[in-house]
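Below are the chains, spelled out letter by letter.
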Amino acid sequence: MLIVTSISELQREISRVSPSQKIGFVPTMGALHSGHESLIQRAVTETDFVVVSIFVNPLQFGKNEDLDQYPRPLEQDKAICKQLGVKLLFTPSVTEIYPSEEETTIVNPPTAMTSVLCGKYRQGHFQGVATIVTKLFNLVCPNVAYFGQKDAQQVAIIKKMTKDLNIPVKVQSCPIIREKSGLALSSRNQYLSSEEKEKATLLYRSLSKAQRAFQEGQRDCQKLLQIVKEEFRSPQTPLNKGGLNLDNSLNKKSLNLNDSLNKKGLNDINIQLQYVEVVEPETLQPLTEISDSALIAIAAYIGNTRLIDNVILTVTKPIIALDGPAGAGKSTVSRRLARELGYIYLDTGAMYRAITWLVMENNINVEDEESIASLVANVQLELLPSDNLQIPVTVKINGQDITKEIRTPRVTNQVSKVAAQSAVREKMVALQQEYGAKGGIVAEGRDIGTNVFPHAQLKIFLTATPQARAKRRLIDLQNQGESNIDLDTLIKEIEGRDYLDSTRAIAPLKKAEDAIELITDNLTIDQVIEKIKSYLILVQS
Ligand code: AMP
């Protein structure tokens, strides 16, 4: 690991990194703990050249804040970085970063984001953060920068800033690391006495209580806030007795600044809730009702130490997995269901078609598995909802709309050869699961409920007897002007296909144990849809 303290050395080292290498960057103020370590570890696994900065940025500290007191165990931090596989550590002095006595340029993110939550109580803080992060991004030129969700407002502001200023970096937020007690790790936890540390668990405990209420269906933000405030007020919680001051416009004088906290018992420690708010996680604007996702953020003083914490609440829409034999109506039902529910129809066929199109577009032989594997490794494939039942999804590959191109006979003729390749299938299943993580999708196939989404909230095995399916097929064929096919031949064909589908090596047709079997012999499409919707209500309640 190389350690540099000057901007010129840093720039020289960065210029030596090969353009083919991905630079991962973790900006910190040092006093590294497991929270920081989790960011560094992620950067090390996801990128090729990891840069960490340690700089206690005076610009983000207010006049009465803890700039001088902030812990600076540099030698220990260096050892941690080295051990984790950091390639370059940047530890500049204040004058290196802010050389002139003159005023420096300040990056000013939208006031709507900097004046809420912590911004209300820490004027200039986020402008200070935005300024140093912009400077560091310009110096390090990272591909990915890692930030902790612990500082939720900071991540939201940095994401907005990089987007608005077209800074070419991916801002990756990482989960909060906590002690066993639930207390979020923070360099400032060092200020806490052991009694205060115990009391500090109140932050996460109160958030968890609101989170449980949310999981049980509470969507009213005032009610969720009440739960947190109640927990801070609660006399029955032994930890909370005495010393509690619930004053939102924090009056510093009310803190026992001169008391020796160590001498105090648990009940004498002054706890002050500074704010608790429910906001939209990206824009940070207040919410009254949660329909999608929300951030509950909290700041409180435990003794003289100000701590922050938060939880993200997400209303995940379910995944509906529809499996079943060919001809049972899966694709018609899935498309209509997705449209009526406002979900995405996960058109897996379209995904394989898109890859096939890309293979042909790159003049790669459809049997050349190696070239196809490297082609799919970095592919960007998007499915966007469509209002048109004939075109169930809009398909984009590497940003290009190819919705029409994938339906041409040229692609249709080759798709099965490409779809049979394991690299393609693995990538497509991973992509499908990424969509699934967001929820609100209808997916159909043969192994969706067993293999792709084994945890889908609603699994339907849509089937019909071979006789019923053959009759439907016969009507279709007659409508297309074909009249010399008889029902028995069609029944045999369908039985043969069912056998092949349930015994094939890749993705065999299988009913998940927890799937609801829906036999559509005597049902119209409308009736099938109504039945599935009623099952959906049951799983959601
Ligand atoms: P700091 O040194 O406090 O500026 O933090 C550096 C980075 O570490 C920021 O992106 C923080 O959000 C992140 N971080 C701090 N504490 C934690 C934690 N407990 N879990 C995850 N990330 C954290």
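Details of the structure are given in the entry above.
Residues take numbers from 1 onward in each chain, read along the sequence in its written order. It should be noted that, the model being predicted, local features are given only for residues of pLDDT at least 70 and side-chain atom pairs only at 80 or more, the latter also being counted only at that level, while totals for whole chains, interfaces and linings use all residues. Side-chain descriptors were evaluated using all non-hydrogen atoms of the structure, hydrogens and water having been removed beforehand.

(A) Structural context of the overall build of the protein. Helix and strand content of the protein: 20 helices and 18 strands. For the C-alpha atoms alone, the extent of the protein along its principal axes is close to 95 × 60 × 35 Å. Contacts between residues were defined by any pair of non-hydrogen atoms, one from each residue, lying within 4.5 Å. Restricting the contact set of the protein to residue pairs at least 6 apart, pairs at least 24 apart contribute 73%. For the area figures, the Shrake-Rupley method with a 1.4 Å probe applies, and any residue is considered shielded solely by the protein chains shown. Carbon together with sulfur atoms contributes 48% to the accessible area of the protein, which is approximately 26,700 Å² in total. Under the convention used here, Asp and Glu are negative, Lys and Arg are positive, and both His and the chain ends fall outside the count. For charged residues, the charge sits on one atom: NZ in Lys, CZ in Arg, CG in Asp, CD in Glu. The averaged location of the 63 negative side-chain charges in the protein is 3 Å from the averaged location of its 62 positive side-chain charges. To qualify as a helix, a DSSP run of H or I must reach at least 4 residues; to qualify as a strand, a run of E must reach at least 2; elements of each kind are numbered from the N terminus.

(B) Quick peek at the site of the ligand. If a single non-hydrogen atom of a residue is within 4 Å of a molecule or strand, that residue counts as near it. Residues in contact with the ligand amount to 17 residues; listed here are only the nearest, Met29, Gly148, Asp151, Ile177 and Leu185. In the model, an oxygen atom of the ligand is placed 2.6 Å from a nitrogen or oxygen of the Asp151 side chain. Contact with the protein chains removes 92% of the 490 Å² of surface that the ligand exposes when unbound. Put simply, the parts of the chain that give the shell around the ligand at least two residues each are strand E2 (23-28), helix H2 (34-46) and strand E5 (144-148). Top element by residues in the shell around the ligand is H2. It accounts for three residues. Two N or O atoms count as a polar contact when they lie within 3.5 Å, although within protein this holds only if one can serve as hydrogen donor and the other as acceptor, and sequence-adjacent residues are included solely when both atoms are side-chain atoms.

(C) Quick look at the environment of Phe137. Looking at the secondary structure, you find Phe137 in helix H7 (residues 125-140). For Phe137, a relative accessible area of 3% corresponds to the buried category. As for Phe137 and Ile167, which are separated by 30 residues in sequence, their C-alpha atoms are 8.0 Å apart. Among all residues touching Phe137, those that are not within four sequence positions of it are Phe25, Pro142, Ala145, Phe147, Ile158, Thr162, Ile167 and Val169. Partly exposed describes any residue whose relative accessible area lies between the buried limit of under 20% and the exposed limit of over 50%, with all areas from a 1.4 Å probe on protein chains only and scaled to the type maximum.

(D) How the structure looks around the packing of helix H9 (residues 194-215) against helix H10 (residues 221-233). Helix axes are fitted to C-alpha atoms over the stretch in contact, other axes to C-alpha atoms as well, and angles between N-to-C directions run from 0 to 180 degrees. One can describe the packing of H9 onto H10 by two numbers: an axis separation of 9 Å at closest approach and a directional angle of 145°. The chirality of how H9 crosses H10 is right-handed. Taken together, the residues of H10 that come into contact with H9 (itself represented by Leu202, Leu203, Arg205, Ser206, Lys209, Ala210, Ala213 and Phe214) are Leu224, Ile227, Val228, Glu231 and Phe232. Put simply, Ala, Val, Leu, Ile, Met, Phe, Trp, Tyr, Cys and Pro go in the nonpolar bin, Asp, Glu, Lys and Arg in the charged bin, and everything else, Gly too, in the polar bin. When grouped by side-chain class, the residues that make up the contact of H9 with H10 number nine nonpolar, one polar and three charged. If you view the pair so one helix is near and one far, a crossing is left-handed when the near helix is turned anticlockwise from the far one by less than a right angle, and right-handed when it is turned clockwise.

(E) Summary view of the packing of helix H18 (residues 466-479) against helix H19 (residues 487-503). One way to put it is that H18 packs onto H19 with a least axis distance of 9 Å and a crossing angle of 120°. Relative to H19, the element H18 lies oblique. As H18 runs across H19, the sense of the crossing is right-handed. Seen from H18, the contacting residues are Pro466, Gln467, Arg469, Ala470, Lys471, Arg473, Leu474 and Leu477; seen from H19, they are Leu487, Leu490, Ile491, Ile494, Glu495 and Asp498. The residue inventory of the contact of H18 with H19, partitioned by class, reads eight nonpolar, one polar and five charged. Should an angle fall under 35 degrees it is called roughly parallel, over 145 degrees roughly antiparallel, and 65 to 115 degrees roughly perpendicular, with every other angle called oblique.

(F) Region of interest: the packing of aromatic side chains. Any pair of Phe, Tyr and Trp rings, taking the six-membered ring for Trp, is counted once the centres come within 6.5 Å. Such a pair is stacked with planes under 30 degrees apart, edge-to-face with planes over 60 apart, and tilted for the rest. Taken as a whole and assessed by the stated rule, the structure comprises five aromatic pairs. Taking the centre distance of 6.1 Å and the plane angle of 50° together, the rings of Phe55 and Tyr98 count as tilted. Here Tyr98 lies in the loop between helix H4 (94-97) and helix H5 (111-114) and Phe55 lies in the loop between strand E3 (49-54) and helix H3 (74-84), a separation of 43 residues in the sequence. Given the relative accessible area of 6%, Phe55 is considered buried.

(G) Molecular detail of helix H12 (residues 348-361). Between the first and last residue of a helix there are one fewer steps than residues, each counted as 1.5 Å, and that sum is the expected span. The end-to-end C-alpha separation of H12 is 20 Å, in line with the 20 Å expected for 14 residues at 1.5 Å each. In terms of burial, H12 is a largely internal element, 12 of the 14 residues being buried. Listed in full, the buried residues belonging to H12 are Thr348, Ala350, Met351, Tyr352, Arg353, Ala354, Ile355, Thr356, Trp357, Leu358, Val359 and Met360. Directly after H12, the chain includes Asn363, whose backbone phi takes a positive value near 55°.

(H) Structural view of the pairing of strand E11 (residues 317-323). Where burial is concerned, most of E11 is hidden: six out of the seven residues are buried. Bridge count for E11 against strand E16 (residues 439-445) is six bridges, and the pairing is parallel. Note that in E16 the partner of Leu322 across the bridge is Glu444. DSSP bridges decide pairing: two strands pair if at least two such bridges lie between them. Of the strand pairs in this sheet, E11 and strand E17 (residues 458-463) are connected by four bridges, and their pairing is parallel. The residue of E17 that forms the bridge with Ile320 is Leu458.

(I) Representation of unusual backbone geometry in the model. A positive phi is found at Ala31, a non-glycine position, where the angle reads about 55°. Of note in the backbone geometry, Cys141 takes a positive phi value of approximately 50° without being a glycine. Here Cys141 is to be found in the loop between H7 and E5. Residue Cys141 is classed as partly exposed on the basis of its relative accessible area, which comes to 47%.

(J) Looking closely at the sheet that holds strand E15 (residues 400-401). Taken in spatial order, the three strands of this open sheet run E13-E14-E15, and their pairing is antiparallel. A single partner strand is all that each edge strand has here, and the edge strands are strand E13 (381-385) and E15. Where E13 meets strand E14 (residues 393-397), five bridges bridge the pair, whose relative direction is antiparallel. Looking at E14, one finds that Glu382 is bridged to Lys396. On top of the sheet, H12 reaches E13, E14 and E15; it is set at about 35° to E14, its chief contact.

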